[in-house]
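Analysis of the macromolecular model
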Amino acid sequence: MAYGACNVTFDWSIALETLPALLSALRITAFATVLGMLAAAVLGLVWAIARRSPKRMVSSLAGLAVEFIRSTPLLIQIYFLFYVLPEIGIVMSPMFTGVIALGLHYSAYLSEVYRAGVEGVPKGQWEAARALNLGRLETWRLVILPQALPPVVPAMGNYLIAMFKDTPMLSAITVLELLQTAKVIGAERFRYLEPLTLVGLLFLLLSLGASLLVRWGEGYLGKAQAR
Amino acid sequence: MKSEQQMVSMRGLEKSYGGVHVLQGIDLDVAPGEKLSVIGPSGSGKSTLLRILMTLEQPTKGFIEIEGEPLWDMRLNGRAIPADSKHLRRMRSKVGMVFQHFNLFPHMTVLRNVTSAPIHVLRISRDEAEARAHELLDKVGLGAKVDAYPSQLSGGQKQRVAIARALAMYPKIMLFDEVTSALDPELVGEVLGVLRELAHRTDMTMILVTHEIRFAREISDRVVFIDHGQIVEQGPPERIFAEPTETRTREFLKSILEA
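Here's a quick rundown of the structure. Every residue gets a number counted from 1 within its own chain, in the order that chain's sequence is written. All chains are assigned letters beginning with A, and all ligands numbers beginning with 1, in the order in which they are written. Totals for whole chains, interfaces and linings use all residues, but because this is a predicted model, local features are given only for residues with pLDDT of at least 70 and pairs of side-chain atoms are given and counted only at 80 or more. For the side-chain quantities, the full set of heavy atoms in the structure was used; hydrogens and water were omitted.

Some remarks on the pattern of salt bridges
Residues and elements named next belong to chain B.
- Between Lys or Arg on one side and Asp or Glu on the other, a salt bridge is scored when a side-chain nitrogen of the former is within 4 Å of a carboxyl oxygen of the latter. A complete count under the given rule lists 21 salt bridges over all chains for this structure.
- A salt bridge links Arg-160 to Glu-190; its shortest N-O distance comes to 2.8 Å. Taken as a pair, Arg-160 in helix 5 (residues 155–167) and Glu-190 in helix 6 (residues 185–201) lie far apart in primary sequence, 30 residues in all.
- Salt bridges here are not isolated pairs; linked through shared partners, they connect Glu-67, Glu-69, Arg-90, Lys-94 and Lys-172. Helix and strand labels come from DSSP, where a helix needs a run of H or I of at least four residues and a strand needs a run of E of at least two; each type is numbered from the N terminus.

Rendered as structure tokens:
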């Protein structure tokens, strides 16, 4: 065992050799994150608005859907979309499936974020909108969302980071993102230490950078709110 | 068709929230162009009356007509059925409201506060909406504040913007819900000044819920005293304020004048 442990020393030349492949895989990871976040942002807003619908059917269904999505693991959702949907004739590429799964899963969390933002808008704003005879759509678009969204942007940023860190799950359905690429390199060279360490470092660097951005954004929005 | 069409007509209006009867059978007519003041202790149901007229709340029982048309019901094949949103929006276009706490849109400039609804609801052009907004804001003495945000204004200025915003929708009936109650005393006068102008210079129907007794006396055609969700007494302001017949009215006026 002692001999084996000594053998595992970090080899910088292997690290450097594998870096280009990992960096290009990072592009796939980033792509999945950005598209997944866009899908989650749009769908989450749909949930949030549906949950405030005056029609009881719509609001309960949306509430149920959100609860269901939040209470089941992302990995199972990914598998379900990838392995079960084709059985009913819906075949999607691994990448597309991954984006849909991430978007769907995180839309449930984002709908809660939106809800907090919407609940932060005083009741008087809804009443003023109604007194001015604005329709439902205009009330949301002109009055409620412009006030509900800015305060929740930092929270959304945190979910963006969380989603970024969940992208390795897409390796389970053969998307060649960072982790999957590291595994492939590892299998080819019988060396996992360097590629996996690099993957960890890349996630660390980007997550830290993004957190700093979110924190900066919080301060910036705080000032804008104080206006 | 009656020869004198009432602007607002309420019969047997009731509102209760979980067993609490806020309004208990209100019968009230308001004539076109009439300036009506509603007075009464807090919690007497005055504001609820306005909120039902503005369709912010639905009555539990009773009937309201605006210009002879039912507000909360509509007729289908001769039967009354609950109003759909289209009917409510059409009826709502006749009514405007100014709130105690202004409820201006904080993310919009003063100009956009006044132009948004005309542009998006009345579908008039931006140029026209802005021209009209400038005119209205000039009228309430805030022509210089068009580019300010509500947070940069005093309470009195905010309330004057709110009045301009409601006027920009050309309502036939304006509801004023304790519009000076949230203001510092030295700012009350500027808002009352605007209301006075409106009362004297326009033929809009105005219903004011107010604690400003002297002001109500000055501008109202009629004063209604409400207590415990019922109309206790009503009549011309000179009579109500000088020689109220009901004990409850007398006691209320005494308490408010002593305060």
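Moving on from the coordinates now.
Considerations on the packing of aromatic side chains
- Centres within 6.5 Å are what make two rings of Phe, Tyr or Trp a pair, Trp counting through its six-membered ring; a difference in plane orientation under 30 degrees is then read as stacked, over 60 as edge-to-face, and the rest as tilted. In the structure shown here, the tally under the stated rule is nine aromatic pairs over all chains.
- Linked through ring pairs, A:Tyr79, A:Phe82 and A:Tyr83 together constitute an aromatic cluster.
- Distance and angle both matter: a charge sits over a ring if NZ of Lys or CZ of Arg is within 6 Å of the ring centre and within 35 degrees of the ring normal. Positioned above the aromatic ring of B:Phe105 is the side chain of B:Arg165, whose terminal nitrogen or guanidinium carbon lies 4.6 Å from the ring centre.

Description of the sheet that holds strand 12 (residues 230–235) of chain B
Residue and element names in this part refer to chain B.
- Two strands form a pair only when DSSP identifies at least two bridges running between them. The six strands are arranged 8-9-10-3-11-12 in an open sheet whose pairing can be described as mixed. Taken across any chain shown, the strands that pair with only one partner, and hence form the sheet edges, are strand 8 (95–98) and strand 12. Looking at each pair of strands side by side, their axes are set apart by 20 degrees on average, direction ignored.
- Of the strand pairs in this sheet, strand 11 (residues 222–227) and strand 12 are connected by five bridges, and their pairing is antiparallel. Within the sheet, the bridge partner assigned to Asp-227 lies in strand 12 and is Gln-230.
- We call two residues in contact when some of their heavy atoms are within 4.5 Å. An axis is simply a line fitted to the C-alpha atoms; with a helix, the fit covers only the stretch in contact. Between two such axes, the angle follows the N-to-C directions and lies from 0 to 180 degrees. Packing against the sheet, helix 6 makes contact with strand 3 (35–39), strand 9 (173–177) and strand 10 (205–209), and its axis sits at approximately 145 degrees to strand 10.

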